[in-house]
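# Commentary on secondary and tertiary structure
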Amino acid sequence: SLGSMNNSQISTVTQFVLLGFPGPWKIQIIFFSMILLVYIFTLTGNMAIICAVRWDHRLHTPMYVLLANFSFLEIWYVTCTVPNMLVNFFSKTKTISFSGCFTQFHFFFSLGTTECFFLCVMAYDRYLAICHPLHYPSIMTGQLCGILVSLCWLIGFLGHSISIFFIFQLPFCGPNIIDHFLCDVDPLMALSSAPTHIIGHVFHSVSSLFINLTMVYILGSYTLVLRTVLQVPSSAGWQKAISTCGSHLVSLGSMNNSQISTVTQFVLLGFPGPWKIQIIFFSMILLVYIFTLTGNMAIICAVRWDHRLHTPMYVLLA
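Residues numbered from 1 in each chain as written. Predicted model: local features only at pLDDT ≥ 70, side-chain atom pairs only at ≥ 80, totals over all residues. Heavy atoms only, no water.

Going by what an unreviewed UniProt entry lists, the protein is known as Olfactory receptor and is assigned to Homo sapiens. On record in UniProt, under Sequence similarities (unreviewed entry), the comment for the protein is "Belongs to the G-protein coupled receptor 1 family." (UniProt positions renumbered as here; feature names shortened; annotations may be inferred.)

Here you go:
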């Protein structure tokens, strides 16, 4: 849909059309049902984690505080795209307002960048716990954890703000149809009536910088963790090294009176808590797992069987 034309007969786009997932009505219903169920259980599972960390004082440690913030981020990450996607399944126009499109675009990339930084902080937390166990309580304090969490949110939302602002200022005077289920950067810039090469290059450069730096940092952190564990000379030392993960791992081995014990298995403590909370976690994770498998298998089958979906975007999605 196009806005009213001015005297020079140049129209301005006030809405965009998100085509979403093309296909017959039955496939649309299957997609809607699967995405809705996965969305509901994703929200419920992450809210359960947040409530467990909030209410159980034994979980008021940096690792679980970071996990709760990560769950909070995941709730908003899926909420910025999925509700509008679900509405479009039954909408005849499939439109999204100009401001709504750029709001979705901004939150989608900002929350994605924030997630990368949260993964870095969580890797740093595990690095300190394993490689510097004696200094861990004095370094990873509640104050430092709060500062790191705040920096993740701040940098995540400021990292793309300049490039998103310039994309928002681009003129959109022609077609308004986006062959996607969300407002992504490349489909948006393709609809602009002005050259976008420089802006697109800057945006992708910033995104690549964030992704590559965080990936290198995470891999580097876990490489140091692995090296530290492998350098432990004895099984007793292995027990001490791995037990510094706190609620992550506790090493156990069979012992006798005359021989050095050897670790043959590990115990994953998982989410500590009373039996009722364990049942809730089990039910939520099982349901999310089942619907995640079913939903992804449905997408793969739809792309495989419908020749209209044999395009690069849907092949990558599959």
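For the rest of this paragraph, the subject is the state of the cysteines. Under the criterion given, the structure shown has 1 disulfide. With no disulfide partner, Cys 152 has as its closest neighbouring cysteine sulfur the one in Cys 120, 7.8 Å distant. (Disulfide = S-S within 2.5 Å.)

Before going further, it helps to examine the pairing of strand β1 (residues 15-18). With 3 bridges connecting them, β1 and strand β2 (residues 95-97) associate as antiparallel partners. By the bridge assignment for β2, Val 17 is matched with Thr 95. With 2 bridges connecting them, β1 and strand β3 (residues 177-178) associate as parallel partners. Across the sheet, Leu 18 pairs through a bridge with Ile 178, a residue of β3. (Pairing = 2+ DSSP bridges. Helix = DSSP H or I, 4+ residues; strand = E, 2+ residues; numbered from the N terminus.)

Glancing now at the sheet that holds β2. The 3 strands lie next to each other as β2-β1-β3, forming an open sheet whose pairing is mixed. Across the chains shown, the open sheet's two edge strands, defined by having one partner strand only, are β2 and β3. Helix-sheet contacts for helix α4 (residues 98-131) involve β1, β2 and β3, and the interaxial angle to β2 is about 85°. (Contact = heavy atoms within 4.5 Å. Axes fitted to C-alpha atoms, helices over the stretch in contact; angles between N-to-C directions.)

A few words on the packing of α4 against helix α9 (residues 197-230). In contact at an axis separation of 9 Å, α4 and α9 are set at 20° when each is read in the N-to-C sense. The pairing of α4 with α9 is recorded here as roughly parallel in orientation. As for the relative orientation of α4 and α9, their crossing is left-handed in sense. (Parallel < 35°, antiparallel > 145°, perpendicular 65-115°, else oblique. Left-handed = near helix turned anticlockwise from the far one by under 90°.)

Now for the UniProt feature "transmembrane region" (unreviewed entry) in the protein. Taken from the UniProt record, the annotation "transmembrane region" (unreviewed entry) applies to residues 29-52, 64-85, 105-124, 144-168, 209-230 and 279-305. A helix fraction of 100% and a strand fraction of 0% characterise residues 29-52, whose end C-alpha atoms lie 34 Å from each other.

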